[in-house]
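Survey of secondary and tertiary structure
Spelled out from the first residue to the last, the chains are:
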Amino acid sequence: MVASASLALAVGSAAQDTPSLTRVAELIRSGQVEQAVRMADRLSEAAPADPRPRTLKGVALAALGRTEEALGVYASALTLAPDYLPALQGAAELEMRLGRAQAAGRLERIVRLQPENRTAHAMLGVIAYRARDCARALEHFARGEAVVVGDAEALRQRAECRFSLGRFDQAAEDFRRLLAEPKANPATRYNLGLALYEAGRADEAVTELAALVDSADPPDIETLSLLADAQHAALDSPGALATLQRAIGSHPRAERLYLQLAELCIEHGAYDLGVEIVDIGEQNIPASHRILTMRGILLAELGRYDEAETAFAGAAEADSDTQSAAVGLSLTLQKTGRMDESLEVLRQRVAARPDDAVAHFFYSQALIKQGVEPGSPGFREALEGLLLAAERLPGESSPRIELGKLYLRAEQPDRAIAVLEKAAQLAPDDRQATYNLMIALRRVGRADEAAALAVRMRQQLERAQEQEIQRNRYRLVRSGQLQP
């Protein structure tokens, strides 16, 4: 990025008063690099305290591919003048190319001397990206914007950093720029589709991913799966169904596709169709604990509890580490009124795996359903389980909602407010979080805040009704004979 800039700076102040330096630069530009090296040596002998001849020699040696020698000459120039920009830039460029740690120090010195040096900032952004420090990388990329947008590799790194930090709209903008490059990597369109999907721009994501599917022969499973998710988010359930059926046809042993299609069936209440789908999946992927667990969930929704229990037991046998089978079996037992058995399944899970936050959450819920009272051992056990779940699952709202409810029952509204406010931040549209927070605020006399939450609840209910109408627009039905 900086070799030509170093050459220009090295002779810039000498062009008027030292023609010999100008001549060295001309020799380098004209390709007479060996001659330039010899002339630079003679100038250094004549003026040993002047960093400029040594810097020009470094540029010439770099042009000859003699990188280590060039670095040594730049270092000697910087010994004479530590803040001499051409030598700093030349050394930084070579050290960057070699992946050496010294480059960062050189570049930091450059931006202290020239705070608006966009090239140096762009290079520091690359270094921060390589160190997986995306927040710092984006700070430098922003100050080196003009350089970044003209360099495909730096632009790709900025896009990845923006995506990793949840700046999906900005990441999509960068991926779209990369896609316009003459030799754009096809994976860039997938990344663009993913960024648009994560940004909530499902319709645009469908457009990009559908184009990628149409251009591939055959399309890969990742693209098909994401396209189905985007179509579903864009309220195109028939499109999502067709995409998943096509994907299963091409990848009959891809477990996730059966699960994805079954989840679509659950959302639309097509439980019988879902069972047929997972049965095909079980034939193609025997002993899949995930497919067996999904089968149990679907059968439980149909009220076929004995079969559901068998499916969950099979899932646990296929993989004893799976938590979903234990949880599913427990919930099925609850639906058949076998609460003691349900608790025992979860109690064994928690005892065997004390760090399983999900098992603690469902065990606490089961204890609460059993009717524990504040101050009782069961109440304390449920409280401790929810506290562990909230700590181990920092991005989940459900443990905090249940914890808030327990604090309200224990007449501890201040504690309830603390956890419910966090739950409402994690899940702004969750009506349980909003309702219980409203109750807690009323109990401590914060009536105005509670009234504002009542308004939010009405808005949440309206949005939920609209979403339900959209979901029910399509009914998934079996068309033709399903084949394994």
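Structure report, in brief. Every value quoted in this text rests on a predicted model; they were computed, and no experiment measured them.

Digging into the overall build of the protein chain
Along its length, the protein chain carries 28 helices and zero strands. Expected size for 484 residues packed as a compact globule is a radius of gyration near 23 Å; at 32 Å, the protein chain overshoots this value by more than 25%. In terms of its C-alpha atoms, the protein chain occupies a principal-axis envelope of roughly 100 × 60 × 45 Å. Each of the 484 residues in the protein chain was classed as buried or not, and the buried ones make up 46%. Counting only contacts in the protein chain whose residues sit at least 6 apart along the sequence, the fraction spanning at least 24 positions is 50%.

Here we look at the side chain of N117
If you trace the backbone, N117 turns up in the loop between α7 (102-113) and α8 (118-130). A distance of 3.2 Å separates a polar side-chain atom of N117 from the backbone nitrogen of T119. Once residues lying within four places of it in the same chain are set aside, the contact partners of N117 are Q89 and I110.

Observations concerning the packing of helix α15 (residues 221-233) against helix α16 (residues 237-250)
It is at 7 Å that the axes of α15 and α16 come closest, and there the two elements cross at 165 degrees. Relative to α16, α15 is oriented roughly antiparallel. Both α15 and α16 take part in a crossing whose hand is left-handed. Two secondary-structure elements touch here, α15 through L224, L227, A228, Q231 and H232 and α16 through S237, G239, A240, T243, L244, R246 and A247.

A short note on the packing of aromatic side chains
Per the counting criterion, the structure on display carries two aromatic pairs. Here F163 and F168 contribute two aromatic rings whose centre-to-centre distance is 5.1 Å and whose plane-to-plane angle is 70 degrees, an arrangement assigned as edge-to-face. Consider the rings of F361 and F362, whose centres lie 5.1 Å apart with planes at 75 degrees: the pair is edge-to-face.

Remarks on the nonpolar core
Judged by nonpolar contacts, the single largest core of 98 residues is most densely connected at V24 and L107. In this view, L107 contacts A92, M96, A120, M123, L124 and I127; residues no more than four positions away in its chain are not counted. Counting residues in hydrophobic clusters, the runner-up holds 35 residues, among them V372, F379, I417 and A424.

Re α16
With 14 residues, α16 extends 20 Å from end C-alpha to end C-alpha; this agrees with the ideal 20 Å at 1.5 Å per step. Those residues of α16 that sit buried are S237, G239, A240, L241, T243, L244, A247 and I248. The elements touched by buried residues of α16 are α15 and α17 (255-267). For α16, the capping residue at the N-terminal end is D236, with a side-chain oxygen 3.0 Å from the backbone nitrogen of G239.

Observations regarding the packing of helix α18 (residues 271-284) against helix α19 (residues 289-301)
For the pair α18 and α19, the least separation of the axes is 9 Å and the interaxial angle reads 160 degrees. In terms of axis orientation, α18 runs roughly antiparallel to α19. Crossing of α18 over α19 shows left-handed handedness. Contacts from Y271, G274, V275, V278, D279, G281 and E282 in α18 reach I291, L292, M294, R295, L298, L299 and E301 in α19. Its residues assigned to classes, the contact of α18 with α19 comprises eight nonpolar, two polar and four charged.

Comments concerning the pattern of salt bridges
Evaluated as defined, the whole model comprises 36 salt bridges. Between R189 and E208 there is a salt bridge, with the nearest N and O atoms lying 2.5 Å from each other. Highlighted residues: R189 in helix α13 (residues 187-198) and E208 in helix α14 (residues 202-215), separated in sequence by 19 residues. With a relative accessible area of 10%, E208 lands in the buried category. Via salt bridges that share partners, E145, R158, R162, E173, D174 and R177 belong to a single interconnected network.

Quick notes on the rules
Residues numbered from 1 in each chain as written. Predicted model: local features only at pLDDT ≥ 70, side-chain atom pairs only at ≥ 80, totals over all residues. Heavy atoms only, no water. Helix = DSSP H or I, 4+ residues; strand = E, 2+ residues; numbered from the N terminus. Rg over C-alpha atoms; globule rule 2.2 N^0.38 Å. Buried < 20%, exposed > 50% of the residue type's maximum accessible area, 1.4 Å probe, protein only. Contact = heavy atoms within 4.5 Å. Polar contact = N/O pair within 3.5 Å; in protein donor to acceptor, adjacent residues only side chain to side chain. Axes fitted to C-alpha atoms, helices over the stretch in contact; angles between N-to-C directions. Parallel < 35°, antiparallel > 145°, perpendicular 65-115°, else oblique. Left-handed = near helix turned anticlockwise from the far one by under 90°. Phe/Tyr/Trp six-rings, centres within 6.5 Å; stacked < 30°, edge-to-face > 60°. Core = buried A, V, L, I, M, F, W, Y, C linked by side-chain atoms within 4.5 Å. Expected span 1.5 Å × (residues − 1). Nonpolar A, V, L, I, M, F, W, Y, C, P; charged D, E, K, R; others polar. Salt bridge = Lys/Arg side-chain N within 4 Å of Asp/Glu carboxyl O.

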